[in-house]
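Below are the chains, spelled out letter by letter.
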Amino acid sequence: MAEVMQTLARSFSAHKQGLEEQWGQGEQVATEDLRLALQHYRSFFNRLLKT
């Protein structure tokens, strides 16, 4: 279980870093990218609460 959580955490961290890099360069981040990121976070936390 811990390995799965670490893999998920790395995945979220990489995605977050990519979005922050876009913002840091003054690029617009698509609403769809933000929506998908929120869905992934919601799914992650729902799984955490179920365990």
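My aim in this report is to walk through the structure given alongside it, one point at a time.

## Quick word on the overall build of the protein chain
Helix and strand counts for the protein chain stand at two helices and zero strands. Scaling as 2.2 N^0.38, a compact globule of 51 residues should have a C-alpha radius of gyration of about 10 Å, whereas the protein chain reaches 13 Å, well beyond that. Taken along its principal axes, the extent of the C-alpha atoms in the protein chain is 40 × 20 × 10 Å. The buried share of the protein chain, taken over its 51 residues, is 12%. Of the roughly 4,300 Å² of accessible surface on the protein chain, 57% is carried by carbon and sulfur atoms. Computing the positive centroid from 6 side-chain charges and the negative centroid from 6, the protein chain places the two 12 Å apart.

Rules and cut-offs
- Residues numbered from 1 in each chain as written.
- Predicted model: local features only at pLDDT ≥ 70, side-chain atom pairs only at ≥ 80, totals over all residues.
- Heavy atoms only, no water.
- Helix = DSSP H or I, 4+ residues; strand = E, 2+ residues; numbered from the N terminus.
- Rg over C-alpha atoms; globule rule 2.2 N^0.38 Å.
- Buried < 20%, exposed > 50% of the residue type's maximum accessible area, 1.4 Å probe, protein only.
- Areas by Shrake-Rupley, 256 points an atom, 1.4 Å probe, with all protein chains shown as cover.
- Lys, Arg positive; Asp, Glu negative; His and termini not counted.
- Charge placed at Lys NZ, Arg CZ, Asp CG, Glu CD.

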